[in-house]
Structures are given as structure tokens and as C-alpha cells.
Amino acid sequence: MSPLDLKKGSSKKSAYDLRTPFSDVNERHTLAVLVDNVDGVLARVIGLFSGRGYNIDSLTVAEVDHTGHRSRITVVTTGTPQVIVQIKHQLERMVVVHEVHDLTVEGASVERELALVKVRGTGDLRVEALRTAEVFRARVMDTTLQSFVFELTGAPEKVDAFVELMVPLGLVEVARTGVAAIARGAE
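These figures come from a predicted structure and were not determined experimentally.

1. Section: the sheet that holds strand 3 (residues 70-79)
Whenever strands of a sheet pair, they do so through backbone hydrogen bonds, lying parallel or antiparallel.
Move 1: Ordered by their spatial adjacency, 4 strands build an open sheet running 2-3-1-4, and the pairing between neighbours is antiparallel. Of all strands in the sheet, those with a lone pairing partner are strand 2 (56-65) and strand 4 (97-102), marking the two edges. Averaged over all pairs of adjacent strands, the angle between their axes in this sheet comes to 20°, without regard to strand direction.
Move 2: Taken together, the 5 bridges between strand 1 (residues 27-36) and strand 4 define a ladder with antiparallel strand orientation. Among the inter-strand pairings, Leu 31 is bridged to a residue of strand 4, identified as Asp 102.

2. A word on the packing of helix 3 (residues 124-135) against helix 4 (residues 156-166)
Move 1: At their nearest, the axes of helix 3 and helix 4 sit 11 Å apart, and the two run at 170° to each other. Classified by the interaxial angle, the pair formed by helix 3 and helix 4 is roughly antiparallel. Across from Ala 129, Thr 132 and Ala 133 in helix 3, the residues of helix 4 making contact are Phe 162, Leu 165 and Met 166.
Move 2: Partitioning the contact of helix 3 with helix 4 into residue classes produces 5 nonpolar, 1 polar and no charged.

3. Concerning the pairing of strand 3
In summary, the side chains of a regular strand alternate between the two faces of the sheet.
Move 1: The buried count for strand 3 comes to 7 of 10 residues, which makes it a mostly enclosed element.
Move 2: Bridging between strand 1 and strand 3 involves 10 bridges; their strand directions are antiparallel. Bridge pairing in strand 3 places Leu 34 opposite Arg 72.
Move 3: Relative to strand 3, strand 2 runs antiparallel, the two being bridged by 8 bridges.

4. Examining the packing of aromatic side chains
Move 1: Applying the stated criterion across every chain, the model contains 4 aromatic pairs.
Move 2: Their ring planes at 85° and their centres at 6.4 Å tell us that Phe 49 and Tyr 54 sit as a pair that is edge-to-face.
Move 3: Phe 49 sits in the buried class, given a relative accessible area of 1%.
Move 4: Grouped by ring-pair contacts, the aromatic residues Phe 136, Phe 148, Phe 150 and Phe 162 constitute a single cluster.

5. What about the environment of Ala 115?
Move 1: Within the secondary structure layout, Ala 115 lies in strand 5 (residues 109-120).
Move 2: When the C-alpha positions of Ala 115 and Gly 154 are compared, they lie 8.7 Å apart, and in sequence the two are 39 residues distant.
Move 3: Those residues in contact with Ala 115, other than ones at most four positions away along the chain, are Phe 150, Glu 151, Leu 152, Val 159, Ala 175 and Arg 176.

Definitions and cut-offs
- Residues numbered from 1 in each chain as written.
- Predicted model: local features only at pLDDT ≥ 70, side-chain atom pairs only at ≥ 80, totals over all residues.
- Heavy atoms only, no water.
- Pairing = 2+ DSSP bridges.
- Helix = DSSP H or I, 4+ residues; strand = E, 2+ residues; numbered from the N terminus.
- Axes fitted to C-alpha atoms, helices over the stretch in contact; angles between N-to-C directions.
- Parallel < 35°, antiparallel > 145°, perpendicular 65-115°, else oblique.
- Contact = heavy atoms within 4.5 Å.
- Nonpolar A, V, L, I, M, F, W, Y, C, P; charged D, E, K, R; others polar.
- Buried < 20%, exposed > 50% of the residue type's maximum accessible area, 1.4 Å probe, protein only.
- Phe/Tyr/Trp six-rings, centres within 6.5 Å; stacked < 30°, edge-to-face > 60°.

What is shown is where atoms sit, not what they do.
Below is the structure:
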């Protein structure tokens, strides 16, 4: 493999972003957007995505500065590099937006998601569900004679793997919060 033939995600570990901006490969990006906490701001930001046909894989919003009335929107989206650049530029032009960070390309970041997973089962299936939950460090939040509700926190891939393993064990329902992400380091 030549030094410029990077695979998806390779630039996260590099000091240089050597990816071509004109690639046709869809990439997953996590964007952190700091906005004014005013009525309708979420609808405007999401309208930017829906109006242009961009997909949102995950969306979380919370007020992060009570005195300054600012909220943080974390959006996980997929698209070609030129689409991601276009999304960032359009977000930056919005009056209510103060900062836009692409955590995928700006350096190392931490991503976590919370999931509540309901599993129904008795006998060996029940025991196997408990063993699997222990391996994934999921906590039992509620239990009845026929079911469990597990709480699991981790990277989205970990949550996906846990849910996939629970399907044959009696998966009933899944509730996920969406990705919360933050850049690593002092900055």
C-alpha cells in the first residue's frame, strides 16, 4: 500500500489529512456544534440536513452553558468528503451557530452511547443473557421472572455488538441515546 492510499479512518492517526476531498467514498463523521439555546434552533439545524437530503445517523442535544444559554448538538452523519465540508460550511454560516468541530478529523475523540436493552427469556437463555451482559459490563437495571432490562454504555460499535448477541436470546426492545462525543486533550 502506498503512503497516499489511505483507507477510511486512517487520517485519525496521522498528523496530516492526506485524503482527497473529491473521493466518492462515504465516511462517517461526528460533528459537535455549539449553538444559541433559543426556540427553533434545532429545527433550523436539522432542516439544513433534511432540506439537502443529508442523513443523520445520530443526534444528541443538551444545554451546556446555562448562563450563556448555549447548547451543544452532536451529529453523526455520513457522506463523501465534499459533502461533509459542505455541511460544515453551511452550519458555520448560520447565525445561531458559534462553533462547528469535526471530531473525526480534528484529532482523537471519545464517543459514547447509552442503551437500555430489554430481553425476555427463561432457563438457559436467561442465564446466557446474564453471562453476555457481564462480558459487556452491562448492568441489570430491572428484572422480572421473565425479563431483564440492561443498561450498557460504550462506543456505538459495542452497543451494536451487544444488541446483535441479544437477538437470539430474546431481545424485545432497544432504546439508545445517540452518540455523545468530545475531543481528547487539554484543548
